[in-house]
Amino acid sequence: MGPTSFTAADREALHGLLGLYERERAMYAEILELTRRQVNAVRSGHDLEDIREIFERQRRMLDLTARLETGVEG
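Owing to the predicted nature of the structure, the values given are computational and were not obtained by experimental measurement.

Some remarks on the overall build of the chain
For step 1, the next point in the chain: Helix and strand counts for the chain stand at two helices and zero strands.
For step 2, the next point in the chain: Rg of the C-alpha trace for the chain: 18 Å, well past the compact-globule value of 11 Å for 74 residues, more than 25% over.
For step 3, the next point in the chain: Overall, the C-alpha framework of the chain stretches about 60 × 25 × 15 Å when taken along its three principal axes.
For step 4, the next point in the chain: By residue count, 16% of the 74 residues in the chain fall in the buried class.
For step 5, the next point in the chain: Within the chain, counting contacts between residues at least 6 apart in sequence, those at least 24 apart form 61% of the total.
For step 6, the next point in the chain: Of the roughly 5900 Å² of accessible surface on the chain, 58% is carried by carbon and sulfur atoms.
For step 7, the next point in the chain: Taking the 11 positively charged and 14 negatively charged side chains of the chain as two groups, their mean positions are separated by 2 Å.

Okay, structure coming up:
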């Protein structure tokens, strides 16, 4: 099997996918950080409104990642 040559369109598509994966990775890192904040808020006895706000941010981030994965960027 010989070397594969990529067209400009192939390279552009690959670059786009890599960008999408990096964006998704960053979003999951933020979701993880929000989860840590939420756990700390619960353990510290923070107001339920504060905890709910963190939860809502997590939900929005998860919705965005789902949209990215289906190709519908927001």
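Structure's up, so let's keep going.
Considerations on the pattern of salt bridges
For step 1, the next point in the chain: All told, the structure shown has five salt bridges when counted by the stated rule.
For step 2, the next point in the chain: Measuring nitrogen to oxygen at the nearest pair gives 2.7 Å for the salt bridge that ties R57 to E30. Linking R57 in helix α2 (residues 48-69) with E30 in helix α1 (residues 8-44), this pair joins segments that are 27 residues apart in sequence.
For step 3, the next point in the chain: Residue class for R57 comes out partly exposed when judged on its relative accessible area of 32%.
For step 4, the next point in the chain: The closest approach of N and O atoms between E56 and R59, which form a salt bridge, is 2.9 Å. Here E56 pairs with R59, and both are found in helix α2, just three residues apart, close to one helical turn.
For step 5, the next point in the chain: Since its relative accessible area comes to 37%, R59 is described here as partly exposed.
For step 6, the next point in the chain: Taken together, the shared-partner salt bridges in this structure form one network comprising E56, R59 and D63.

Definitions and limits used
Residues numbered from 1 in each chain as written. Predicted model: local features only at pLDDT ≥ 70, side-chain atom pairs only at ≥ 80, totals over all residues. Heavy atoms only, no water. Helix = DSSP H or I, 4+ residues; strand = E, 2+ residues; numbered from the N terminus. Rg over C-alpha atoms; globule rule 2.2 N^0.38 Å. Buried < 20%, exposed > 50% of the residue type's maximum accessible area, 1.4 Å probe, protein only. Contact = heavy atoms within 4.5 Å. Areas by Shrake-Rupley, 256 points an atom, 1.4 Å probe, with all protein chains shown as cover. Lys, Arg positive; Asp, Glu negative; His and termini not counted. Charge placed at Lys NZ, Arg CZ, Asp CG, Glu CD. Salt bridge = Lys/Arg side-chain N within 4 Å of Asp/Glu carboxyl O.

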